[in-house]
Amino acid sequence: MRCILIFDNLNDILFSKYDKKFSRHFHKLAKLQGLIPENDKNEDQTTISNNILIQLFSPVVTSQQIMTSQFGNSYTSIQCFDGTNLVFDEYMGHLFVHVGYEDIACLKRMLCVCICIVQHLCGPDVSDLKHNLRQSSLLSHLLDTWNQLADSDQACLVEAVEQLTVNPEVNATVIKSLREAANKLKSMVDYSRSHALIFVENKFLSLYSSRDAEDLAAADILFLNILTESFRRPPPPPPPPVPEPDSDEGDSSDEYYSPPSSPSRSAPTSERDEDCIERELVILSGNGNYSPHAVHISTLSDGVSLLLLYQTSSEALCGGLNDAFAGLVMVQNIQITENGEEGIRKVMEILDGSMKRIFDSLKKNKNQNTPQIETVTKQLHSKWDQLRKKFQEVIKEKEGALGIDALSANLHVLLRTLLRLTCLDRTGLERGSEAAELVTQQVRASLTDFTAFLKVKAIRNFSLGSRTSLTINKYLEEFPGLVHFLYIDRTNHRVTAPSLDFSSEETVTLTKKKIWSMVEFSRTHLQDGHLAVMWKDTTFNYAYYLWFEDNTGSPIKPKVCPSTAVKTLPMPGIICGDFYRKLVEACFPKLAASKVRCYELYCIHLGLATSSCVLEHSRRLAATIFEVTGQPNPLDIL
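Source: prediction; values computed, not measured.

### Some words on the overall build of the chain
Part 1: Per the secondary structure count, the chain includes 21 helices and 17 strands.
Part 2: Classification of the 638 residues of the chain by burial places 52% in the buried group.
Part 3: For the chain, the proportion of contacts with a sequence separation of at least 24, taken over those separated by at least 6, is 68%.

Here it is, written out as structure tokens:
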């Protein structure tokens, strides 16, 4: 049983996603509480009215709001006697709830993924999900896609990107093609900051960014990977509005995260796919700078995807809008808690800075402003002056905050309008469609001799089954007893690991389950500050290491105890915030983050391997992994 709900500050539901078990369970609860007539036999149990959901969840949502606003001590999770768990999180004043039978960590990670996707699709305006069916449907499908990837792909499991390794000649050809693509795209559209990258299946091949474009962060590349996979995994057709009364179809599958494929949306086997380009406008923010990007995703050949991106609005405007929305959320909290002069001053400082960035950006790009934007800008100046004056009156005359609520609500409406007219304006996306088609044809022609090779390479990037070339497979012969490993450079979040053949039942039932449980177990200990862990079961020996090096490759020890440093950090990964970057900052407070590199290594050995053998193999593997990756990396694990 699973369900994700998003509530606004009035307890209204903006988005809901649940499986059939949840629907049936809550229909029973609704009947017990008299919300549905007991004798109602025609109720469609595959859907639940939002009114019923609101009434059932209202007590816990209201309690959460009171705990947050009046005590500053909100719930993070609730565990029920029947095994049901509820996990809570907040973003821009909206409450995100995940309900299910899974453990708290699993539910929390999925909820973080949901918030991350909302940020990419809607920016700070979460309320857009209520009225924009297209956005809410895409959010739902991206959640499905993430869940499928995290359950089947080891790179997504550890929230990293697997680098597809090819020989230097092929790599040079791909880079040249992407450089020409980015430059041609830049010359054909009105936007100078562009990127071109290729995924093969869900593995990262190569990226080229124009000279004035900010580098894409690993978290953004991971999101783009999920977005690309979502277009390759079309959603199922909508269910019939009223199912047959005696049908047992609802019992066949309760996993709403893994819908079956349907031909309704650009299936990979369709011949027209190579000429079909999917388009989306997203907010990228992995480097801390919020910037809207138009994304054009095309299929060069089956499984080989080209992504063309260009920035459609300034970081200053997008970042200013984001901070202004956050400031208005603080205004709401002040209204509830009557936080007094200190709270008002803090909100004023945040809003004053963000509004200045917004106005400066609009003035700087005045030639791009439409009459609508100019009208909204004038209204925004007026409403902001009124709100700022009211703030000053409250501070000067020690008055109550009465009246601020209405003024901030008016400002919020204008900010939402400005966001839609600028950062979330899809005009730039449509404007680049023709250019994207021409550039795609150019790249497809230049790489036509390599796409079949890339497809095969992606399936068995590093396979344990072949010993014919000097890849990881040949490399592993030097480590007798080593079954599997994952090596991750957490500076750029690239993973190197032998490929797994999930078509083999033996691999799925044995190795896959062991790897997934190993990662979960390691994360639990990492959150307690343990950077090196070894353990065993009846089948295998396991080892996990996290260590730091300087830019010369020399090992360095944390200046702050890791068990202290991790207390305020997000969950391990990059979806919920870059845990590893924040760990480096916390462990090395006096060093620039750019001077510290972070690495992870997971190893699985046969159960007969001794601890000393596991440790020795781990040291040698991490020190010589450059034989496969081409990147030198000496280390001292312990």
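### Comments concerning helix 8 (residues 218–232)
Part 1: In a regular helix each residue adds 1.5 Å, so 15 residues correspond to 21 Å; helix 8 covers 21 Å between its end C-alpha atoms and thus fits that length.
Part 2: The buried fraction of helix 8 amounts to 14 of the 15 residues, a majority that puts the element mostly inside the structure.

### Some points on the packing of aromatic side chains
Part 1: Across all of its chains, the model carries 15 aromatic pairs by this definition.
Part 2: Both rings, one in Y18 and one in F22, keep their centres 5.6 Å apart while their planes meet at 35°; by these two values the pair is tilted.
Part 3: With a relative accessible area of 17%, Y18 lands in the buried category.
Part 4: F22 gets classed as buried once you look at its relative accessible area, which sits at 0%.
Part 5: Here Y191 and Y310 contribute two aromatic rings whose centre-to-centre distance is 5.4 Å and whose plane-to-plane angle is 10°, an arrangement assigned as stacked. Note that Y191 is positioned in the loop between helix 7 (168–188) and strand 7 (194–200) and Y310 in strand 11 (residues 304–311), a separation of 119 residues in sequence.
Part 6: Taking relative accessible area as the criterion, Y310 reaches 0% and is therefore assigned buried.
Part 7: An aromatic cluster is built from F7, Y18, F22, F26 and F57, whose rings are joined through pairwise contacts.
Part 8: Across from the ring centre of W516, 4.5 Å away, lies the NZ or CZ of K512, which sits over that ring.

### Focus on the pattern of salt bridges
Part 1: Evaluation of the coordinates by the stated rule reveals 24 salt bridges.
Part 2: Of the charged contacts in the structure, one is a salt bridge between D323 and R357, with a shortest N-O distance of 2.8 Å. Taken as a pair, D323 in helix 9 (residues 315–337) and R357 in helix 10 (residues 340–364) lie far apart in primary sequence, 34 residues in all.
Part 3: The class of D323 is partly exposed, set by a relative accessible area of 28%.
Part 4: For R388, the salt bridge identified is with D385, shortest N-O distance 2.9 Å. Separated by 3 residues within a single helix, R388 and D385 lie in helix 11 (residues 371–397), roughly one turn from each other.
Part 5: For D385, a relative accessible area of 39% translates into the label partly exposed.
Part 6: The structure contains a network of salt bridges with shared partners spanning E201, E229, R232 and R233.

### As for helix 20 (residues 611–624)
Part 1: Taking 1.5 Å of rise per residue, 14 residues should cover 20 Å, and helix 20 covers 20 Å from first to last C-alpha, within 8% of that figure.
Part 2: When helix 20 is considered as a whole, its buried residues turn out to be V614, H617, S618, L621 and A622. End-on, the buried residues of helix 20 take up no more than an arc of 120°, which puts them together on one face.

### What about the sheet that holds strand 7?
Part 1: The antiparallel open sheet is built from 5 strands, whose spatial order is 8-7-11-10-9. The outermost strands of the open sheet, each flanked by one partner alone, are strand 8 (203–209) and strand 9 (277–284). Between one strand and the next, the sheet's axes are offset by a mean angle of 20°, whatever the strand orientation.
Part 2: As paired elements, strand 7 and strand 8 share 6 bridges and run antiparallel to each other. By the bridge assignment, A196 is partnered in strand 8 with Y208.

### Some thoughts on the environment of A150
Part 1: Within the element layout of this structure, A150 appears in helix 5 (residues 133–152).
Part 2: A relative accessible area of 18% places A150 in the buried class.
Part 3: It is 9.5 Å that separates the C-alpha atoms of A150 and W516, two residues lying 366 residues apart in sequence.
Part 4: Not counting residues within four places of it along the chain, the set of residues in contact with A150 comprises C156, L157 and W516.

### Remarks on the nonpolar core
Part 1: Judged by nonpolar contacts, the single largest core of 86 residues is most densely connected at I6, V118, L139, I358, F391 and L415.
Part 2: Top contributing element to this core by residue count: helix 3 (residues 104–122), with 12 residues.
Part 3: Those residues in contact with L139 that lie beyond four places of it in its chain are I6, F15, C114, I117, V118, L121 and L129.
Part 4: Formed by 36 residues, the second largest nonpolar core is a distinct cluster that contains L500, M518, V519 and V533.

### A look at the packing of helix 7 against helix 14 (residues 433–446)
Part 1: Orientation of helix 7 relative to helix 14, taken along the N-to-C sense of each, is 160°, at an axis distance of 10 Å. By the angle class used here, helix 7 and helix 14 are roughly antiparallel. In terms of crossing hand, the pair formed by helix 7 and helix 14 is right-handed. Across the interface between the two elements, S177, E180, A181, K184, L185 and M188 of helix 7 pack against A435, A436, L438, V439, Q442, V443 and S446 of helix 14.
Part 2: Broken down by class, the residue content of the contact of helix 7 with helix 14 amounts to 8 nonpolar, 3 polar and 2 charged.

### Describing empty space enclosed by the protein
Part 1: Under the defined criterion, the tally for this structure stands at 3 cavities of 30 Å³ or more.
Part 2: Considered as a void within the structure, the second largest cavity measures approximately 100 Å³ in volume.
Part 3: If you go around the second largest cavity, you meet 15 residues; those closest to its centre are E214, D215, N287, S291 and H293.
Part 4: Partitioning the lining of the second largest cavity into residue classes produces 3 nonpolar, 8 polar and 4 charged.

### Topic: the pairing of strand 11
Part 1: Counting buried positions over the 8 residues of strand 11 gives 8, a clear majority of the element.
Part 2: Residues of strand 11 alternate between two faces, with V304, L306, L308 and Y310 on one and S305, L307, L309 and Q311 on the opposite face, all of them buried.
Part 3: The sheet contact formed by strand 10 (residues 291–301) and strand 11 spans 8 bridges and is antiparallel. Its bridge partner lying in strand 11, H293 is registered against Q311.

Scoring rules and cut-offs
- Residues numbered from 1 in each chain as written.
- Predicted model: local features only at pLDDT ≥ 70, side-chain atom pairs only at ≥ 80, totals over all residues.
- Heavy atoms only, no water.
- Helix = DSSP H or I, 4+ residues; strand = E, 2+ residues; numbered from the N terminus.
- Buried < 20%, exposed > 50% of the residue type's maximum accessible area, 1.4 Å probe, protein only.
- Contact = heavy atoms within 4.5 Å.
- Expected span 1.5 Å × (residues − 1).
- Phe/Tyr/Trp six-rings, centres within 6.5 Å; stacked < 30°, edge-to-face > 60°.
- Lys NZ or Arg CZ within 6 Å of the ring centre and 35° of its normal.
- Salt bridge = Lys/Arg side-chain N within 4 Å of Asp/Glu carboxyl O.
- Arc of directions from axis to C-beta.
- Pairing = 2+ DSSP bridges.
- Axes fitted to C-alpha atoms, helices over the stretch in contact; angles between N-to-C directions.
- Core = buried A, V, L, I, M, F, W, Y, C linked by side-chain atoms within 4.5 Å.
- Parallel < 35°, antiparallel > 145°, perpendicular 65-115°, else oblique.
- Left-handed = near helix turned anticlockwise from the far one by under 90°.
- Nonpolar A, V, L, I, M, F, W, Y, C, P; charged D, E, K, R; others polar.
- 1 Å grid on protein atoms, 1.4 Å probe; cavity = no way out; pocket = protein on both sides within 12 Å on 5 of 7 lines; lining within 4 Å.
- Points joined across faces, edges and corners; volume = space filled by probe spheres on them.

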